[in-house]
Amino acid sequence: MGLYPYADRYPVVRAFPEQGRPREQILAEIEAMATEEDSPYHEGRISGSIYSGDEAHYAFLNEVYGHYSHANVLQRDMYPSATRFEGEIITMTADMLHAPEAIGVVTSGGTESLMNPLLVYREWGRERGIDRPNVVMPTTAHPALLKGAHYFGIEVRRAAVTDRYVADMASVRSLCDANTVALVGSAGTYPHGLVDPIEELSALALELGTNLHVDGCLGGFVLAWGEALGYPVPVFDFRLPGVTSISADTHKYGFGLKGSSVLLYRTAELRRLQYFIVPDWPGGLYTSPGMSGSRSGGIIAAAWAAMVSLGREGYMAIAADIFRTAAALRAAIEAVPELEVLGDPFFNVAFTTTAASGLDIFLVNDALSTRRWRLNGLQMPPAVHFCVTRPNTQPGVVERFAADLAEAVAHAKANVGTPASSGAFYAGGMTSEQISAGMAWWLDATQALPPA
Ligand SMILES: Cc1ncc(COP(=O)(O)O)c(C=O)c1O
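Residues numbered from 1 in each chain as written. Predicted model: local features only at pLDDT ≥ 70, side-chain atom pairs only at ≥ 80, totals over all residues. Heavy atoms only, no water.

Here the focus is the packing of helix 10 (residues 297-334) against helix 12 (residues 397-414). In a pair of packed helices, the angle between the axes and the distance between the axes together describe the arrangement. It is the contact of helix 10 with helix 12, at a shortest axis distance of 10 Å, that shows an interaxial angle of 20 degrees. Between helix 10 and helix 12, the angle falls in the class roughly parallel. Every pair of crossing elements has a handedness; the one defined by helix 10 and helix 12 is right-handed. For the pair helix 10 and helix 12, the contacting residues are Thr-325, Ala-328, Leu-329, Ala-332 and Ile-333 in the first and Val-398, Phe-401, Ala-402 and Leu-405 in the second. (Axes fitted to C-alpha atoms, helices over the stretch in contact; angles between N-to-C directions. Helix = DSSP H or I, 4+ residues; strand = E, 2+ residues; numbered from the N terminus. Parallel < 35°, antiparallel > 145°, perpendicular 65-115°, else oblique. Left-handed = near helix turned anticlockwise from the far one by under 90°. Contact = heavy atoms within 4.5 Å.)

The structure is reproduced here in structure tokens:
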């Protein structure tokens, strides 16, 4: 399928329409597209992306959202409920991550929750006379950190990972110097879903007198329940004294709507460095806690509603299903002699073909794609991951996957030497043709519209 499959079905809007269209007609079009696009996740064949997938939960959140979708969080006097929601979201997340006294902000998503602490640590360094700051993180850390460092003029030093795909502490240590304003570890990593040695990173941060951000954007809201559920998830939160900030996305395993995340700091002094204030502007005293200006009250209300409607019990029940499903998937993959799982995952299972098999993992993925599975392609090494979310925990999903996986490996064996059509493209289960089409839009700066 192309990335713009609608040209034959609906008129392509090529200029600002003179007259408006009837709402019913627009709604019918939207409903048709959304229903079709959502249909694959209901079968439980999608990795990541759709975290709750509970229609009733989404309907409830959309109702909450509707009450505040037009409200701007900046207008706190008009909408004091936003202050309530934001404060309580932060408090609940701090409680979950064992820091009742931690303080934070609600951001627009994982990327913002990773960029803000970089800014804070750069400013922290400036206060100490560090004008050429660097941050040290393993190669598996999320690219939003590289983006933030690029924006803020911070050098990134990328440490090696071990043969279990987590930060190699010797490499991390060797890259640190007096200009290191922060270390970063993930819980868990996007590529392989693994928890870096946060306890050791915490000890190193304390030893060096620097900061440590834990990227729990993806895993925070699911790994947090692992310990109580009896899984050997290493401690990654504020119980470790060197951890100075943690990000955890309410719009992923927090089961909120898209566009929200929580960023917590151990101290108010650190959060203060994130604030931006212009006292002498004709528009009035300008104060802003983060990167966004206006923010939708609806998104914050929905994140709050997700948390208080599920409660600890609700999150634990879903997490238990996710951990169980991921363990079953891992066992199914490990039962295939030509495949191996990377590291020791709890919720996001990455795997590749063994060196001895000589098979191309992307040929395996091609065959899975034709059976409607949408896994995420990885590189260095080539691999794929299946990030387990609630829709994947339905009965029968793992069994169907195991059966299709056996056929997919047979396909890879029968096609050795043939180029695969899937590849490693972040967040996408795209074919090479779709990747080329997508890149062409960016590179040619077209409007992504089909030719007239
Ligand atoms: C570990 C990790 N950090 C950060 C992000 C970025 O989050 P967002 O896409 O919400 O900006 C992701 C996204 O998947 C992630 O997996």
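Having seen the structure, we can now continue with the description.
Another point: the nonpolar core. Grouped together as the largest cluster of nonpolar side chains are 91 residues, with contacts concentrated most on Phe-236, Tyr-253, Phe-351 and Phe-401. Examining the composition of this core, we find that 17 residues originate from one element, helix 10, more than from any other. Each of domain 1 (66-307) and domain 2 (312-439) contributes no fewer than three residues to this core. Not counting residues within four places of it along the chain, the set of residues in contact with Phe-351 comprises Ile-333, Leu-339, Glu-340, Val-341, Leu-342, Ile-361, Leu-375, Ala-383, Val-384, Phe-401 and Leu-405. Listed in part, the 25 residues of the second largest apolar core include Ile-130, Val-135, Ala-149 and Val-184. (Core = buried A, V, L, I, M, F, W, Y, C linked by side-chain atoms within 4.5 Å. Buried < 20%, exposed > 50% of the residue type's maximum accessible area, 1.4 Å probe, protein only. Domains from an automatic or database assignment.)

Looking now at the site of the ligand. As a structural note, the neighbourhood of the ligand is formed by 14 residues, with Gly-110, Thr-111, Asp-215, His-251 and Lys-252 the closest of them. The separation between an oxygen atom of the ligand and a polar main-chain atom of Gly-110 is 2.9 Å. Separating an oxygen atom of the ligand from a side-chain N or O atom of Lys-252 is a distance of 2.9 Å. Across the complex, the protein chains shield 86% of the 390 Å² of accessible surface that the ligand would expose by itself. Per element, the largest residue contribution to the shell around the ligand is 3 residues, and it comes from helix 4 (residues 110-127). When its residues are assigned to classes, the shell around the ligand shows 5 nonpolar, 6 polar and 3 charged. (Near = heavy atom within 4 Å. Polar contact = N/O pair within 3.5 Å; in protein donor to acceptor, adjacent residues only side chain to side chain. Areas by Shrake-Rupley, 256 points an atom, 1.4 Å probe, with all protein chains shown as cover. Nonpolar A, V, L, I, M, F, W, Y, C, P; charged D, E, K, R; others polar.)

The next thing to look at is the domain arrangement of the protein. With domains assigned, the protein is organised as domain 1 (66-307) and domain 2 (312-439). Placing a centre on the C-alpha atoms of domain 1 and another on those of domain 2 gives a separation of 29 Å. Domain 1 puts 28 residues into the contact, and the matching count from domain 2 is 26 residues. Across the interface of domain 1 and domain 2, roughly 2500 Å² is buried in total on both sides, 71% from carbon and sulfur atoms. Sorting the residues of domain 1 by area buried against domain 2 places Tyr-190, Trp-225 and Tyr-253 first, and these three jointly supply 26% of that buried surface. Notably, a salt bridge pairs Arg-312 with Asp-95, separated by 3.3 Å at the nearest N-O pair. Counting across the domain 1 and domain 2 interface gives 8 residue pairs in polar contact (both at pLDDT 80 or more). When residues of the side of domain 1 that touches domain 2 are traced back to their parent elements, those giving at least two are helix 8 (220-223) and helix 10. (Buried area = accessible area lost by both parts, 1.4 Å probe. Salt bridge = Lys/Arg side-chain N within 4 Å of Asp/Glu carboxyl O.)

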